[in-house]
Amino acid sequence: MAVGETPLFITLGEPEAQLRANAETLGFDMEAMAFLDLSPSSEFFTEVQTYDIFSPSEVEREPTTQKIIDRVQAVNFYSAAPLRIG
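Just so it is clear, the structure is predicted and the values come from calculations on it, not from any experiment.

Enquirer: What exactly am I supposed to notice about the overall build of the chain here?
Expert: When helices and strands are tallied, the chain shows 4 helices and 2 strands. Counted from the first residue to the last, the chain has its helices and strands arranged as β-α-β-α-α-α. Looking at the chain as a whole, 20% of its 86 residues qualify as buried. Across the chain, the fraction of contacts at a sequence separation of at least 24, relative to all contacts at a separation of at least 6, is 63%. For the chain, the computed accessible surface area is about 6600 Å², with 54% contributed by carbon and sulfur atoms.

Enquirer: How should the pairing of strand β1 (residues 8-11) be read in this particular structure?
Expert: Sheet faces and side chains relate simply in a regular strand, where the side chains alternate between the two faces. Examined bridge by bridge, β1 and strand β2 (residues 34-37) share 4 bridges and lie parallel to one another. When the sheet's bridge partners are listed, I10 is paired in β2 with L36. Following the chain from β1 across helix α1 (residues 16-25) to the adjacent parallel β2, one finds a crossover that is right-handed.

Enquirer: Sorry if this is basic, but what is going on with the nonpolar core here?
Expert: Where a protein is soluble and globular, its nonpolar side chains tend to be buried together. Counting 5 residues, the largest nonpolar core consists of L19, A23, M30, M33 and F35. M33 has contacts with P7, L8, F9 and R20, leaving out every residue within four places of it along the chain.

Enquirer: How should I be thinking about the side chain of S39 in this particular structure?
Expert: Tracing the backbone through its elements, the reader meets S39 in the loop between β2 and α2 (42-48). At 2.4 Å, the side chain of S39 forms a polar contact with the side chain of D37. Setting aside residues up to four positions removed in sequence, S39 forms contacts with T11, L12, G13, E14 and P15.

Enquirer: Where do I start with the pattern of salt bridges in this structure?
Expert: Charged atoms that come close allow side chains of opposite charge to pair. Going through the model one piece at a time under the given rule, you end up with 1 salt bridge. Between R20 and E16 there is a salt bridge whose closest N-O contact spans 2.9 Å. Of this pair, R20 and E16 are both found in helix α1, 4 residues apart, which corresponds to roughly one turn of the helix. By relative accessible area, which is 25% here, R20 ends up partly exposed. E16 sits in the partly exposed class, given a relative accessible area of 27%.

Cut-offs applied
- Residues numbered from 1 in each chain as written.
- Predicted model: local features only at pLDDT ≥ 70, side-chain atom pairs only at ≥ 80, totals over all residues.
- Heavy atoms only, no water.
- Helix = DSSP H or I, 4+ residues; strand = E, 2+ residues; numbered from the N terminus.
- Buried < 20%, exposed > 50% of the residue type's maximum accessible area, 1.4 Å probe, protein only.
- Contact = heavy atoms within 4.5 Å.
- Areas by Shrake-Rupley, 256 points an atom, 1.4 Å probe, with all protein chains shown as cover.
- Pairing = 2+ DSSP bridges.
- Right-handed = clockwise from strand over helix to strand, strands pointing away.
- Core = buried A, V, L, I, M, F, W, Y, C linked by side-chain atoms within 4.5 Å.
- Polar contact = N/O pair within 3.5 Å; in protein donor to acceptor, adjacent residues only side chain to side chain.
- Salt bridge = Lys/Arg side-chain N within 4 Å of Asp/Glu carboxyl O.

Structure follows, in structure tokens:
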């Protein structure tokens, strides 16, 4: 990682707070890490009671894909290859 770059961690399963706590326990510094937490909340499970990660329509279409694109663009993101979704 070059100076000034911000890594982006996209999580679909574990909440950001839990990931940071686990990393700290292992001695990793996650302070500069940006997170996009797409994991389900506890309220999700009480209302729906099942978790199929994402249906194909959610992944292929808007909300999830757009959240990822927005967050990548908001972070000081650089890649030698262009970002491609889809």
